[in-house]
Amino acid sequence: MTDRKTISAAGPAPLSRRTALKGMAAAGGLIAAPGFVRYAQAQSSAPIRIGFQCHRTGIGAAYGRWYERTTAAAVKLINEAGGINGRPVEIVIEDDGTDAGRGAEVVAKFANQHKTDIVYGTLFSHVVIGSAPAAGELKIPYYVVSEGYHVASGQLNRWCLQPGITDVRAQVTSMAPWIAANAGKKVTMIYPDYAFGYDHRDYLPPALEKAGAEVVAKIAIPPTESSFTKYFPQIPSSTDVLYHVMVGPAVLTFVKELGEFYGSSGPKLFGFIDSLEAVDINSPGLEYLDGSHFWEGSPRYAQADDTDAMKAYRAAVGIDDNGASVTDPRDISTAGHMFGCWETLYVIKQAMEASGYRGPEDRAKLVEATEAITALAEGPEHPQGDKVFDGKIHQVFGHQYISKLEGGRLDVVHKTAIEDSRYEPEADYTTQPF
């Protein structure tokens, strides 16, 4: 059974028409009583119901926990500002166990049982790929926060969109020149043996080759692996840079064993923050990572040049300057990814308002309104930075951050330009019928 929870995210309770009308002034305006939210302007006061496909259990549980907190924080602010189209937003949560088969069941449950307006929030690639056909068959918009190239590739269907976080192909395309210029020319890749890892395997090598470097070995590791020493002899001695993308609870073991294998004489390290999301970088055993570099979707540690919007976002989701929960310094966030939930919800709000969304009968209009978005300005709704949305491939493009781990914290040393990450689209969802 899936685990269900409904969140109204501390937004005001839905108003009945009779109650709302009591607050109307004779001239038709609303009385600005303290705490009064303008839901009464909507044709219906029924909430917008968003089905949140959450990784509460399984390998993605740490992400799920912070995706849920970020979602609640964003919806709280959206509701305090009047909701969407004058209607409050309600989040209905189902746990997919980070499992592809269960993910498809959850999508069907949202559409058929919970009667949600849309489905949102999925991260792990195999779950997205496994769930997308159900979204297409049920004709329910499916807004993922996944990073995988599967959306932009055209592999899915018109009901699937990724407007709040960039994809792996864009990420590695923009960072490859920096890796070649600053880390080394001969790269060995270590990546998880599933769809997310395959995106790295397929798109980093040509990007590095274009930048004058090469991949000398590719080592795929099952995501359930608990010991890694047996893989390290496969790393060629010519390796300048070890590019690692590890996900899951065994990351500490991976780093510890890597340090034991190389000692002080190993190659330089470049990793994706996925390897350390929800992990304290000062944990015993991680000393070997000191001086290495990481990709971050959004910086974990507060930076000296953080904008007011970023500071407000961090406060709203409840993380301190070190990227840990303000209530428990041992509870490390997934800051490199969870901003995508915040930004996706605001894209959904923008598209629902642009399309005049009223209910399931307007789902196709909602998708079309999302496809029509082109630019997203940096600010309270998009604190990670400005972005460009390509409606044909349903994918957003934005800035990437390269940070150096030194002195017990991560500091940004390079921020890519949006144009650095663009690639030639291979699909056009807008040509597909609904």
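If you're wondering where the values come from, they're calculated on a predicted model, not measured in any experiment.

A few points about the overall build of the chain
Inference 1: Along the chain, the regular secondary structure elements total 10 helices and 18 strands.
Inference 2: Among the 434 residues that make up the chain, the fraction classed as buried is 58%.
Inference 3: Working note: accessible area of the chain is about 16,700 Å², and carbon and sulfur atoms make up 51% of it.

Considering the packing of aromatic side chains
Inference 1: Within this structure, the stated rule accounts for 17 aromatic pairs.
Inference 2: Summarising the aromatic geometry, the rings of Phe261 and Tyr262 are spaced 5.0 Å apart at their centres and angled 90° between planes, so their arrangement reads as edge-to-face.
Inference 3: Grouping aromatic residues by their ring pairs yields a cluster made of Trp178, Tyr243, Phe270, Phe272 and Trp295.
Inference 4: Geometry around Trp66 places Arg69 over its ring, the cationic atom sitting 4.4 Å from the centre.

Considering the pattern of salt bridges
Inference 1: Taken as a whole, this structure holds 21 salt bridges when the rule is applied.
Inference 2: Lys76 is paired through a salt bridge with Glu80; the nearest N and O atoms lie 2.6 Å apart. Of this pair, Lys76 and Glu80 both sit in helix H2 (residues 61–80), four residues apart, which is roughly one turn of that helix.
Inference 3: Judged by its relative accessible area of 41%, Glu80 is partly exposed.
Inference 4: Across the salt bridge formed by Asp390 and Arg422, the nearest N and O atoms sit 3.7 Å from each other. Pair noted here: Asp390 is in strand E15 (residues 387–390) and Arg422 is in the segment after strand E18 (409–415), with a separation of 32 residues, a long-range link.
Inference 5: Each member of the salt-bridge network shares a partner with another, and the members are Arg65, Arg69 and Asp331.

A look at the sheet that holds strand E17 (residues 401–406)
Inference 1: The mixed open sheet is built from seven strands, whose spatial order is E8-E7-E9-E10-E11-E17-E18. Lying at the two open borders of the sheet, with one neighbouring strand each, are strand E8 (214–221) and E18. Across the sheet, the mean angle from the axis of one strand to that of its neighbour is 25°, orientation sign disregarded.
Inference 2: Relative to strand E11 (residues 293–296), strand E10 (residues 268–272) is paired through three bridges, and the arrangement is parallel.

Points about the environment of Arg87
Inference 1: The topology assignment puts Arg87 in the loop between H2 and strand E3 (89–95).
Inference 2: With 42 residues separating them along the chain, Arg87 and Ser45 place their C-alpha atoms 5.5 Å apart.
Inference 3: From its side chain, Arg87 meets the backbone oxygen of Ala46 in a polar contact 2.7 Å long.
Inference 4: A polar atom in the side chain of Arg87 sits 3.4 Å from the backbone oxygen of Pro47.

A closer look at helix H4 (residues 125–138)
Inference 1: Given a rise of 1.5 Å per residue, 14 residues ought to cover 20 Å, and the 20 Å separating the end C-alpha atoms of H4 matches this to within 8%.
Inference 2: The sharpest bend along H4 comes to roughly 30°, located at Ser131, with the proline Pro133 sitting one to four residues further on.
Inference 3: Buried within H4 we find Ser125, Val127, Val128, Ser131, Ala132, Ala134, Ala135 and Gly136.
Inference 4: Residues of H4 that are buried in the fold lie against strand E2 (48–54), helix H3 (100–114), strand E5 (142–143), strand E6 (160–161) and helix H6 (195–210).
Inference 5: Two residues or fewer past H4, Lys139 is found with a positive phi of approximately 55°.

Regarding the nonpolar core
Inference 1: Counting 102 residues, the largest nonpolar core has Tyr120, Ile190, Tyr243, Phe270 and Leu276 as the members making the most contacts within it.
Inference 2: It is helix H9 (residues 335–355) that provides the largest number of residues to this core, a total of nine residues.
Inference 3: Not counting residues within four places of it along the chain, the set of residues in contact with Leu276 comprises Val251, Ile281, Leu286, Leu289, Phe294 and Arg300.
Inference 4: Formed by 17 residues, the second largest nonpolar core is a distinct cluster that contains Val119, Ala134, Ala135 and Cys160.

Comments concerning the packing of helix H5 (residues 168–182) against H6
Inference 1: Between H5 and H6, the least distance of the axes is 9 Å, while the angle of their chain directions is 40°. Considering their axes alone, H5 and H6 lie oblique with respect to each other. Crossing of H5 against H6: the hand is right-handed. Contacts between H5 and H6 involve Val168, Arg169, Val172, Thr173, Ala176 and Ile179 from the former and Phe196, Asp199, His200, Tyr203, Leu204, Ala207 and Leu208 from the latter.
Inference 2: Considering only residue class, the contact of H5 with H6 consists of nine nonpolar, two polar and two charged.

Procedures and definitions
Residues numbered from 1 in each chain as written. Predicted model: local features only at pLDDT ≥ 70, side-chain atom pairs only at ≥ 80, totals over all residues. Heavy atoms only, no water. Helix = DSSP H or I, 4+ residues; strand = E, 2+ residues; numbered from the N terminus. Buried < 20%, exposed > 50% of the residue type's maximum accessible area, 1.4 Å probe, protein only. Areas by Shrake-Rupley, 256 points an atom, 1.4 Å probe, with all protein chains shown as cover. Phe/Tyr/Trp six-rings, centres within 6.5 Å; stacked < 30°, edge-to-face > 60°. Lys NZ or Arg CZ within 6 Å of the ring centre and 35° of its normal. Salt bridge = Lys/Arg side-chain N within 4 Å of Asp/Glu carboxyl O. Pairing = 2+ DSSP bridges. Axes fitted to C-alpha atoms, helices over the stretch in contact; angles between N-to-C directions. Polar contact = N/O pair within 3.5 Å; in protein donor to acceptor, adjacent residues only side chain to side chain. Expected span 1.5 Å × (residues − 1). Bend = angle between axes of the 7 residues up to and from the residue. Contact = heavy atoms within 4.5 Å. Core = buried A, V, L, I, M, F, W, Y, C linked by side-chain atoms within 4.5 Å. Parallel < 35°, antiparallel > 145°, perpendicular 65-115°, else oblique. Left-handed = near helix turned anticlockwise from the far one by under 90°. Nonpolar A, V, L, I, M, F, W, Y, C, P; charged D, E, K, R; others polar.

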